[in-house]
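# Fold and geometry: a report
One letter stands for each residue in the lines below.
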Amino acid sequence: MDEKLLIKFISGQANLKEQMDVLAWIEESEANKSNFARLKNLTVAADLVAEDYSKKSTKERSVVRSVIRWSLRAAALLVLGFSVFNYGKHHEKNSWIESSKEQITEISAPMGESVSLTLPDGSTVKLNSGSTLKFSKLFGYKERSVSLNGEGYFVVNKSNKRFIVKTSDLDITVLGTTFNISAYEEDKTISASLYEGHIAVFNQSLSERINLNPNDCYSYNKTSRRSSVKSVNKERDWIENYFIADSDNIEVFARKIERKYKVTILIDSALTGKCVYTGAFKGESLKEILDNMALASPIKYEIKKDNIVRIYPKP
Amino acid sequence: MDSLQKRIHSGDEKALSQLRIEWSHKLSVFALSYVRCSYTAEDLVQDTFIKLWESRQDINKYDSIGAFVYTILKNKCLDYLKHKTIELRYNQQSSSEYINLQANKYALEDESINIITDAQINKALTDAVRKLPRPCRDVFIMSRYNGLKNQEIANELSISVKTVEYHMTRAIAFLKKEMEEYFIFLYFFIMH
């Protein structure tokens, strides 16, 4: 194994075939594993040292800045809308940990309002009501990535660093410099439509990666777990019927369901404080929401007569 | 023992804030190098400070704060990589992401990871980077710090991509050689 190739691999410059060859070589023997590990770890250690060194030397930084070609024209438009249902752990947080918000910036648009913000690279995002955008302080370091729950309208600046929008099922990477994407949620479907340029959609659940060309619309149905690429439709209207959960514990979430669907929910006491839900729902039936809960968290439910629902822990 | 270490051990919250200010960025860079996702890197770094605070009574067992912090972070990165690679493999992912994460997992499991946690080794490495001959050093820093592709570096320095690759190889080989002499005195060494 050529050391040059290993260095290429570690530097992220190897193509897929080369990567496969390197991994195969690594897994051939413990000695190979060790050799690779030493080189990788040395490189990371040197990275950390190079950082310190770079901070001290401003000359290096200006050399680097001139390489990054910026264009502040509105280069791209990206709109995504979808329904995301997450199961989250409930952390006990001490007061000092609140400053962890320095590390990850989280911006939410409250119900009924939209919020506009500018990202560190100058790109702008308009968040529709009930949506949340997150990005870490490493945004722009090697790539520009944000995490979106809800609907956002993006104007992305041109840069050498790729721009990625992550959602629970899809990762959308901006490849081209000018593109227009519109995507909206329809029940359990997430879709991304492209009007000009090129984007790559990576669907984690199906392990597929599709490059979209203009007038393609990629659609993914979370329930049937099927995806398709069709011709793009006219934009749909946002449905009024909206229902949001934001890190709600199970009792709070259940109360929202009760109000919306006119049922009574009985929760087994073993579940108190155990599950936290975040999501946005439009037009789902009661059963669809409960099915979603059962998929995302360790619960089972029973719908009984007189509009009573029982929720208990999965055995 | 470092006074910051003493203060953390005695439960001084201001010391913790100071620690976070000093170490967050480096820890994020470390985590990102192995987990390849900024979100995950940030989460792991946050969890590391929480864990550090919860186990502060153990801080005296370590030579330096760096060793303590990096050890916790390394273990968290490793746990993450173990789960993620299994998840990717289950989904029949023979992709770039799986390959890189799997390789990084092997790297974290190897003893040579201590190169990062040991303060003395780090000092030797710093001196070695300073010693790098000029074009190699520029290429090395542009590639490592800014994640520029070889073509971009080539354009900036008006040299060919092949020359860039040559400089990178030379830089790493140089650092390896510099560190080798150092390592002979320690419990492990980097082989050719």
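Description of the structure in this document. All values derive from a computational prediction rather than experimental measurement.

## Topic: helix H9 (residues 150-157) of chain B
Residues and elements named next belong to chain B. Along H9, the positions that sit buried rather than exposed are Asn150, Glu152 and Ile153. Axial view of H9: buried residues confined to an arc of 160 degrees, hence all on one face. Following H9 by one or two positions, Ser158 has its phi on the positive side, about 55 degrees.

## Brief notes about unusual backbone geometry
A positive phi angle is found at Asn307 of chain A, which is not glycine, with a value near 55 degrees. Among the secondary structure elements, Asn307 of chain A is positioned in the loop between strand S20 (299-304) and strand S21 (308-313). The exposure class of Asn307 of chain A is partly exposed, given the 13 C-beta atoms found within 10 Å. The backbone phi angle of Ser158 of chain B is positive, close to 55 degrees, even though this residue is not glycine. Note that Ser158 of chain B resides in the loop between H9 and helix H10 (161-183).

## Some details on helix H6 (residues 286-296) of chain A
All names here are of chain A. Listed as buried for H6 are Ile289, Leu290 and Met293. Along the axis of H6, the buried positions cluster into a sector of 95 degrees, meaning they face one direction only. Of the exposed residues in H6, those oriented more than 90 degrees away from the buried face are Lys287 and Leu295.

## Focus: the environment of Phe36 of chain A
Its place among the elements puts Phe36 of chain A in helix H3 (residues 30-56). In this structure Phe36 of chain A comes out as buried when scored by C-beta crowding, with 25 C-beta atoms within 10 Å. When near neighbours in sequence (up to four residues on either side) are disregarded, Phe36 of chain A contacts Leu6 and Ile26 of chain A together with Ala103, Tyr106 and Ala107 of chain B.

About the cut-offs
- Residues numbered from 1 in each chain as written.
- Chains lettered and ligands numbered in written order.
- Predicted model: local features only at pLDDT ≥ 70, side-chain atom pairs only at ≥ 80, totals over all residues.
- Buried ≥ 20, exposed ≤ 12 C-beta atoms within 10 Å, placed from the backbone.
- Helix = DSSP H or I, 4+ residues; strand = E, 2+ residues; numbered from the N terminus.
- Arc of directions from axis to C-beta.
- Contact = placed C-beta atoms within 7 Å.

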